[in-house]
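Inside the fold
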Protein chains: 2
Amino acid sequence: MASRMVDGKVLVDDPARGSQLYSRGYFGNPLSGGGVELDLVEATYLMEMGKLDVLKGGRRLRMEDLLRAGHTLNPNFEIRYLVYRDLRQRGYVVKPGIPPLDFRVFPRGTGPDKGPTKYWVLAISERSVFDIEELESYIADVANVRKQLIVAVVDEESDITFYRVSKASPRGDLKEDGGDSPTEALFMKDRAIILDPEKASGLYGLGFYGRMLGDKLQLSLLETVYLAKRGLLVVRRAQTGRRIGLATLLKDAKAVQPDLEMRLKVYEDLKGRGVIVKTGFKYGSHFRGYEGDPEEHHAKYLIHALPEGFRGMWPEISRAVRLAHGVRKEILLGRLGPRVEYIRLQRIRP
Amino acid sequence: MASRMVDGKVLVDDPARGSQLYSRGYFGNPLSGGGVELDLVEATYLMEMGKLDVLKGGRRLRMEDLLRAGHTLNPNFEIRYLVYRDLRQRGYVVKPGIPPLDFRVFPRGTGPDKGPTKYWVLAISERSVFDIEELESYIADVANVRKQLIVAVVDEESDITFYRVSKASPRGDLKEDGGDSPTEALFMKDRAIILDPEKASGLYGLGFYGRMLGDKLQLSLLETVYLAKRGLLVVRRAQTGRRIGLATLLKDAKAVQPDLEMRLKVYEDLKGRGVIVKTGFKYGSHFRGYEGDPEEHHAKYLIHALPEGFRGMWPEISRAVRLAHGVRKEILLGRLGPRVEYIRLQRIRP
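In short, a report on the structure. (Residues numbered from 1 in each chain as written. Chains lettered and ligands numbered in written order. Predicted model: local features only at pLDDT ≥ 70, side-chain atom pairs only at ≥ 80, totals over all residues. Heavy atoms only, no water.)

Quick word on the overall build of chain A
If you tally the helices and strands in chain A, you get 10 helices and 23 strands. By the compact-globule yardstick of 20 Å for 350 residues, chain A is too spread out, its C-alpha radius of gyration being 28 Å. Classification of the 350 residues of chain A by burial places 57% in the buried group. Charge centroids of chain A, computed over 57 positive and 47 negative side chains, lie 1 Å from each other. (Helix = DSSP H or I, 4+ residues; strand = E, 2+ residues; numbered from the N terminus. Rg over C-alpha atoms; globule rule 2.2 N^0.38 Å. Buried < 20%, exposed > 50% of the residue type's maximum accessible area, 1.4 Å probe, protein only. Lys, Arg positive; Asp, Glu negative; His and termini not counted. Charge placed at Lys NZ, Arg CZ, Asp CG, Glu CD.)

What to know about the sheet that holds strand β15 (residues 211-213) of chain B
All names here are of chain B. Reading across from one edge, β15-β16-β14-β13-β17 is the order of the 5 strands in this open sheet, with mixed pairing throughout. The outermost strands of the open sheet, each flanked by one partner alone, are β15 and β17 (233-237). Across this sheet, the average inter-strand angle for adjacent strands is 35 degrees, counted without regard to direction. Note that β15 and strand β16 (residues 216-220) share 3 bridges and pair antiparallel. (Pairing = 2+ DSSP bridges. Axes fitted to C-alpha atoms, helices over the stretch in contact; angles between N-to-C directions.)

Concerning the pattern of salt bridges
For the structure shown, the criterion picks out 64 salt bridges over all chains. R191(A) is paired through a salt bridge with D190(A); the nearest N and O atoms lie 2.9 Å apart. As far as the burial class goes, R191(A) and D190(A) line up, both buried. Linking E136(B) and R335(B) is a salt bridge whose minimum nitrogen-to-oxygen distance equals 2.8 Å. Residue E136(B) is located in helix α5 (residues 132-144), and its partner R335(B) is located in strand β22 (residues 330-335); the two are separated by 199 residues in the primary sequence. Each of the two residues, E136(B) as well as R335(B), counts as buried. (Salt bridge = Lys/Arg side-chain N within 4 Å of Asp/Glu carboxyl O.)

Brief notes about the interface of chain A and chain B
Facing the 60 residues of chain A at the interface are 61 residues of chain B. Seen at the junction of chain A and chain B, the total is 6 salt bridges. A salt bridge links E157(A) to R288(B); the shortest N-O distance between them is 2.9 Å. A breakdown of the residues in the side of chain A that touches chain B according to their chemical character gives 22 nonpolar, 15 polar and 23 charged. (Contact = heavy atoms within 4.5 Å. Nonpolar A, V, L, I, M, F, W, Y, C, P; charged D, E, K, R; others polar.)

Some thoughts on the packing of aromatic side chains
Following the criterion strictly, the structure yields 25 aromatic pairs over all chains and no others. Centre to centre, the rings of Y22(A) and Y26(A) are 5.5 Å apart; their planes meet at 90 degrees, and the pair counts as edge-to-face. On the basis of relative accessibility, which here comes to 24%, the residue Y22(A) falls in the partly exposed class. With 5.9 Å between their ring centres and 90 degrees between their planes, Y204(B) and F208(B) make a pair best called edge-to-face. In this structure, Y204(B) and F208(B) share a single accessibility class: buried. Grouping aromatic residues by their ring pairs yields a cluster made of F27(A), Y45(A), Y84(A) and F103(A). A cation sits over an aromatic face here: R88(B) above F27(B), 3.9 Å from the ring centre. (Phe/Tyr/Trp six-rings, centres within 6.5 Å; stacked < 30°, edge-to-face > 60°. Lys NZ or Arg CZ within 6 Å of the ring centre and 35° of its normal.)

Some points on helix α2 (residues 40-48) of chain A
Residue and element names in this part refer to chain A. In terms of burial, α2 is largely enclosed, as 9 of its 9 residues are buried. For α2, the capping residue at the N-terminal end is D39, with a side-chain oxygen 2.9 Å from the backbone nitrogen of V41. Following α2 by one or two positions, G50 adopts a phi angle in the positive range, close to 75 degrees. (Polar contact = N/O pair within 3.5 Å; in protein donor to acceptor, adjacent residues only side chain to side chain.)

Some remarks on the side chain of D102(A)
Residue and element names in this part refer to chain A. Positionally, D102 belongs in the loop between β7 (94-96) and β8 (103-105). Assessed through its relative accessible area of 8%, D102 is described here as buried. Ignoring sequence-local partners within four residues, the contact set of D102 consists of R80, K95, P96, G97, V121, L122 and A123.

Remarks on the relation of the copies chain A and chain B
Between the two copies, chain A and chain B, the superposition gives an RMSD of 0.1 Å; the rotation angle is 180 degrees and the shift along the axis is 0.0 Å. The two molecules are tied by a two-fold rotation axis, judged by turn and shift. Interface overlap between copies is the fraction of interface residues in one copy that are interface residues in the other; for chain A against chain B it reaches 100%, indicating a shared surface. (Least-squares fit on C-alpha atoms with pLDDT ≥ 70 in both.)

If you want it as structure tokens, here you go:
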């Protein structure tokens, strides 16, 4: 006795067949009469594996019919199917999720009668919008029920990249002592230089600011603004030697770096957490973050600042994670808001 | 007898001192009277190294004065100075370049009396605009005199990344035979699937199109459009089973992927060169390119398609090169125009 398609579900009425499907892989939801009700994704998978025949109005359906029915029900069906298929073939028991999440996945080797699910999976196309607010709401929902959020991104050629996404709270060991009398700095377009050797090494020692060039210290634009705001710098214009006030400095700096204020907020937040922050330019991100002395430690984090309500595309995010992964660093997204929130993205192989 | 600053140059009149500076590191341009004329970058470097005193109007100048004078002459002075200093400290003989290029550099261990320069260097800030047309004109100018173009990008904390930039002409071994009767494909939003097992493996065998999923073939959006244009596909809409004409397919595809036409032009050009092209999503670029069978070779290239007259920022470019470098691939920029031109960017350690 074959199964039949009803209202976008596939019913396996035969109790023997139903209990076989459920016991051999936890496919479908058991029905009171002994059969199971399969989600279309499950039915498509079982048909592809040659384990299921489906009838509709007496006609035997082909795989094409299930794909079409699925696609009509949900334009994202193909993406969901690819992720479901991949996880099943890796040996996981996968059950439909609570929308908007696509799947609930049990730890490998377990199933519904052996304990709870571990991963909740969102299946998306690489062409999906990356919406930071939406993602944060998923993180919160999934964390509330003590699961891990996994985002499965399906690329153009149906390869899948899995990301574990969670909240983060970076910390470092830096405690700044002193920083008493302000230091004179010469401002040159997009950086500043401290020429007094003693002041230079003092400021470097205070919080690993800038970079020593011989016995002089070169400060980045951001460091210059930050230290001026803290009253630790007297900034003079290179051409005239005239002192630049904070408001003018900020205006000049923003002309060179339009997103300076966004970066500054994340920079300040990280400093408040004791993290030592340097530019992430070479890694294609805004900052790298050290837990301790950058001359003795490798950077642990790469941090990218994002504005509140950021919306972008997944390929940008994928690129950032890939880079961080390649240099064994964690990528954090620092999202602006009433306070800066950090999101960790880890590429995993399930 | 000290040197003196005149019109943004520093004159070392004393013949003994001048010939010493020139013979010990080829600093400055020899003057007919026996002295040398130093560029401000050279003079600043010599002063920082404690090898030069400069007078102006009888007053002995400090390093700050030279930095100021340089900055007034050229807002990019600091960037130029950092690159000059770095190359000198690595042991290269560096001479001022012919504008807009900043420096001419001799092979290590040689100088003006031992043969020609090898590298022509452009010194820029990471905040500079990346202008593809400008860069291509530099490549052409430098190639004309048989030199190598090096772009030195100075980041926020004065670290320098060096890129060798040149034209490229990617090639591959693929020759497609056959591809006779069109194959039926089911179109699902951003990809298509070929369900007939024989047709599926035939199309994969023809040019490594798509990805086998069991005995079915999954085609990317771009592959679907490309093969339909070549008359090798009959595309049907998943929901209705109705045939989609080429114009409608293109319209639908562009709705999903707005830059589809740009990518398609580079894809077609690469196909014409025998390169096997797959998506570069996981590497954050548009394509990866193989010289031969992707199951037996690693991808040699990562290729990024750019529109004619593209202007972007250096951090984006830096990110792409870093990624390609990390996975030991060459990054090529494929710039649209009357024909597609390829630019190779290699990160080097001088």
